[in-house]
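Listed below, chain by chain, are the residues.
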Amino acid sequence: MKVIHLISGGDTGGAKTHIHTLLQRLNRHIQADMVCFTGGPFTQEARALGIHTDVLTGSPPAVLKALRDKIRQGGYDLIHCHGSRGNLMGALLKRSTGLPLVTTVHSDPKIDYMGRPLAALTFGTLNGWALRRIPNHIGVSQPMVDLLIDRGYDPQAVFDIPNGLDFSNPTSKLTRAEYLTSLGLDWPQDAVIAGIAARLNPVKDIATLLRGFALAHREQPSLRLIIAGEGEEDSALRQLAQELGVADAVCFAGWVEDTDSFYHAIDINTLTSLSEGFPYSLPEGARFALPTVATNVGGVPALIKHNVTGLLFQPRDRETLGRHLADLAANSALRRRLGDKLLERAREEYSIEHTVRRQLEIYETILRRRDRAGGRKRDGVILCGAYGQNNAGDEAVLKALVAELRSIDPDMPLWVMTRKPRATRRIHRVGAIYTFHFPAFCRRMSKSVLYANGGGSLIQDVTSHRSLWFYLFTLAAAKRLGCRVMMYGCGIGPIQSPRNRKRAGRIINRNVDAITLRDCASLDELAALGVDRPRIQVAADPAVSLPAAPAEEAEAVLEQAGLRPQEGQRYLGVTVRPWPGFEDKLSAFAQAIDYAYEVHGLLPVFLPIEGRLDVAAAKQVAARLQKAPATVLPPCASSELTSALSARMDVALSMRLHALIFAAARGVPLVGVVYDPKVSAFLERVEQDLFVPLEDLTAQGLCALLDAAEARTRDRAALSAKTARLVELEQINREQAAQLLEGNTP
């Protein structure tokens, strides 16, 4: 493979380090050449590292012609652009070379020229045009990928790649004392030194660092600060340090070449940026196990998990920054814990070896997709379900379904019908269509191989007749437009209206090729509807295969809610939802939860699955508690995190099916309150008998069920084993989809 990289050649800081390190390591596997449009230190350092680098200067037409000739003669497979000049040249060469293009976006293009209105109008506008012409984009962090997707770039052609570093045996040229002496500092040996390495420009917001430092210094006089960097705000920042009265405790070190000695000399790494892609200063500090305080922006939270691998604060929040700095200055054990955890995580996910592997995977994917596109009239899958409605259970189903289809074919286009296309694109990295945009989803059906309707109980009329009619319509439309049709890991019923039962049986029989079900009760319902033509198999809910987030992330959420999970506290996970008759049972719920707290020491934690509805219902129950202090958590950002929180519970009390699924998968004893047959069907399938219909719920009965569940907390492995069998059965969903995708297009 031969790849040509286009870049201006004037880059500094993290972007320079990223390009040089990446190309040097890539050349061990492929031929990666570089073309710059200005000479100078950047190109000199690249050549010193053994990177084949050409400099093309002159008028834009002349440079463009020379570059086109070089690409044609060089036999390159792919063009990789960096920065506005590289992007512009790549976009102009797209048609004439016919090569695939990809660009790496290192920072937010809309604020790259902050404070320079003329540059924003010229270079910024041209860069925006070029970025739209380039089909593939790489973000240097997950949040940068999210930013690109939110701005309309194809989520299936946006890739993430970390800024990787070499974590093997970091060493510094100078000792701490020698480094401080080189800066002319005579600080006490017991000083706790915070530091930042950044350009002194508005985006880095060093002013907030100085203000937060001043607050912390009043509380912890041993605290000191080194600011390493140059920029247009240098004199203003020095003046601010004087005004704040901390000039003697702050050192402006200027531009630092020996960053290893800098990080070795400080005790706390800081970052105060208003915007970031993924800053190199974080993994650089992690190499030396430095506790880190950083703004919650861009790619920062991917590495810095609050109170797990560092401390976060919101941009310009000097008070919180000051508290974090003071806490770290006063607590060496906290510094050690956060620094060690940061180093551990950075080694796993931000090594240069990981970055190079990821870059090669991206190149191979782009080339594979180019070859795939030729000669296919139909490609991909369109998915339909109750998606984009802030329901963690349905989103877990979608995430699992997407993962399974990607495992069949990682390059297959996936499109989802959803109430919130923008959020679905960002979260699941798929194409998205508004659920009721009939022309759009019909066009996509006419181009897809498979239509998969599934996840949840879609074929039912208890909540709505219209939703049943809509899903039946999509089954018929997909078949008419040439798709194979599958109902994927779904529940069936209840369908109460005789007309609806007749209509559902007829449409499913005529239009569906295969059905996989999540329970045996749904099989019986299909038989009662007279459905016998599709291939039908009983599998399991796709959500059972969803992995949980790391336990430490769940611990951090509990800590942020004011709980202390490290102190051995035991928890009762509670998930309730509004339903006819629910409000009549509020006192019964509250009395049983108080009982579990008083008798078994189970602190109630309400875990919402559907954000708006479940939070409101939880607050209704919590308001009636007399003895137990209740914590109502906000809806989680991901289904994996919800699953991890469920795993941290000692007993689960739930009305929601997917809360029970998450808990069962982690071996948590279950108590179900049945508002729908799907809840009892799942519990019976995992051989759990502790459940009660909502209409029969009493405080005394629920207390007895909680007593029985508490007795099972010592045998969580048994429940995990029963759920593991469902995970094996769930693969039937994937196998059935793979069979429908095989062979010629319909």
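Residues numbered from 1 in each chain as written. Predicted model: local features only at pLDDT ≥ 70, side-chain atom pairs only at ≥ 80, totals over all residues. Heavy atoms only, no water.

Engineer: Looking at this structure, how should I read the packing of aromatic side chains?
Structural biologist: To describe a pair of aromatic rings, one takes the distance between the centres and the angle between the planes. One pass over the structure, following the stated rule, counts eleven aromatic pairs. Consider the rings of Phe262 and Tyr263, whose centres lie 4.9 Å apart with planes at 70°: the pair is edge-to-face. Considered together, Phe262 and Tyr263 belong to a single accessibility category, that of buried residues. On the numbers, 5.5 Å between centres and 65° between planes, the contact of Phe470 with Tyr471 is edge-to-face. The class of Phe470 is buried, set by a relative accessible area of 10%. Overall, Tyr471 belongs to the buried group, its relative accessible area being 9%. Aromatic ring contacts, followed pair by pair, group Tyr434, Phe436, Phe438, Phe441, Phe470, Tyr471 and Phe473 into a single cluster. The ring of Tyr153 carries Arg132 above its face, with NZ or CZ at 4.1 Å from the centroid. (Phe/Tyr/Trp six-rings, centres within 6.5 Å; stacked < 30°, edge-to-face > 60°. Buried < 20%, exposed > 50% of the residue type's maximum accessible area, 1.4 Å probe, protein only. Lys NZ or Arg CZ within 6 Å of the ring centre and 35° of its normal.)

Engineer: What am I meant to see in the nonpolar core here?
Structural biologist: As a rule of thumb, soluble globular proteins bury nonpolar side chains together. Counting residues in hydrophobic clusters, the biggest one holds 79 residues, and the most contacted among them are Phe589 and Phe682. When residues no more than four places from it in sequence are discounted, the contact partners of Phe589 are Val576, Phe582, Val621, Leu653, Met655, Val673, Leu694, Leu697 and Leu702. (Core = buried A, V, L, I, M, F, W, Y, C linked by side-chain atoms within 4.5 Å. Contact = heavy atoms within 4.5 Å.)

Engineer: When you look at unusual backbone geometry in this model, what are you seeing that I'm missing?
Structural biologist: Trans is the common state for peptide bonds, and a negative phi is the common state for residues other than glycine. Each neighbour pair has its own omega, and for Gly493 with Pro494 the value is 0°, a cis peptide bond. You can see Pro494 is positioned in the loop between β18 (484-492) and α20 (498-511). Even without being a glycine, Ala289 presents a positive backbone phi close to 55°. Inspection of the secondary structure puts Ala289 in the loop between α11 (281-286) and β12 (292-295). Residue Ala289 is classed as partly exposed on the basis of its relative accessible area of 22%. One non-glycine residue, Glu687, lies in the positive phi region at around 60°. You can see Glu687 is positioned in the loop between α27 (677-685) and β26 (691-693). (Helix = DSSP H or I, 4+ residues; strand = E, 2+ residues; numbered from the N terminus.)

Engineer: Is there a simple way to explain a nonpolar patch on the surface in this structure?
Structural biologist: On the surface, Tyr434, Phe436, Phe438 and Phe473 cluster together into a nonpolar patch covering about 360 Å² of accessible area. On the accessibility criterion, Tyr434 (39% relative accessible area) is partly exposed. (Patch = residues over 30% accessible without salt bridge, like charges linked within 9 Å, V, L, I, M, F, W, Y side chains within 5 Å. Areas by Shrake-Rupley, 256 points an atom, 1.4 Å probe, with all protein chains shown as cover. Salt bridge = Lys/Arg side-chain N within 4 Å of Asp/Glu carboxyl O.)

Engineer: I tried to follow the sheet that holds strand β16 (residues 431-434) on my own but got confused; where do I start?
Structural biologist: Strands in a sheet are paired, the pairing made by backbone hydrogen bonds, and the direction either parallel or antiparallel. Spatially, β16-β15-β14-β17-β18-β19-β20 is the arrangement adopted by the seven strands of the open sheet, whose pairing is parallel. Each edge of the open sheet is held by one strand with a lone partner, namely β16 and β20 (535-538). With direction set aside, neighbouring strand axes in the sheet form an average angle of 20°. Relative to strand β15 (residues 414-418), strand β14 (residues 381-384) runs parallel, the two being bridged by four bridges. (Pairing = 2+ DSSP bridges. Axes fitted to C-alpha atoms, helices over the stretch in contact; angles between N-to-C directions.)

Engineer: Looking at this structure, I do not really get the pairing of strand β10 (residues 250-254). What am I missing?
Structural biologist: Two faces belong to every sheet, and in a regular strand the side chains alternate between them. Counting buried positions along β10 gives five out of five residues, so the element sits mostly inside the fold. Because side chains alternate across β10, one face comprises the buried residues Val250, Phe252 and Gly254, and the other comprises Cys251 and Ala253, equally buried. The pairing of strand β9 (residues 223-228) with β10 spans four bridges and is parallel. In the strand pairing of β10, Ile227 is matched with Phe252. Handedness of the crossover is the feature at issue here: the chain leaves β9, passes through helix α9 (residues 234-244), returns alongside β10, and the resulting connection is right-handed. (Right-handed = clockwise from strand over helix to strand, strands pointing away.)

Engineer: Would you mind going over the environment of Thr21 with me for this structure?
Structural biologist: By the element assignment, Thr21 lies in helix α1 (residues 13-26). Relative accessible area serves as the criterion here: at 19%, Thr21 is assigned to the buried category. The spacing of Thr21 and Ile51 is 30 residues in sequence and 9.9 Å in space, taken between C-alpha atoms. Excluding its chain neighbours within four sequence positions, the residues that come into contact with Thr21 are Gly164 and Ile352.

Engineer: Looking at this model, I keep getting lost on the sheet that holds strand β2 (residues 31-36). Mind explaining?
Structural biologist: Ordered in space as β3-β2-β1-β4-β5-β6-β7, the seven strands form an open sheet in which the pairing is parallel. The open sheet is flanked by β3 (53-55) and β7 (158-160), the only strands paired with a single partner. Within this sheet the neighbouring strands show an average axis-to-axis angle of 25°, counted without direction. With six bridges joining them, strand β1 (residues 2-7) and β2 adopt parallel strand pairing. Directly across from His5, in β2, lies its bridge partner Met34. Contacts from helix α4 (residues 83-97) reach β1, β4 (78-82) and β5 (101-105) within the one sheet, and its direction differs from that of β4 by about 155°. Across the sheet, helix α6 (residues 142-150) is in contact with β5, β6 (136-139) and β7; its angle to β7 comes to roughly 170°.

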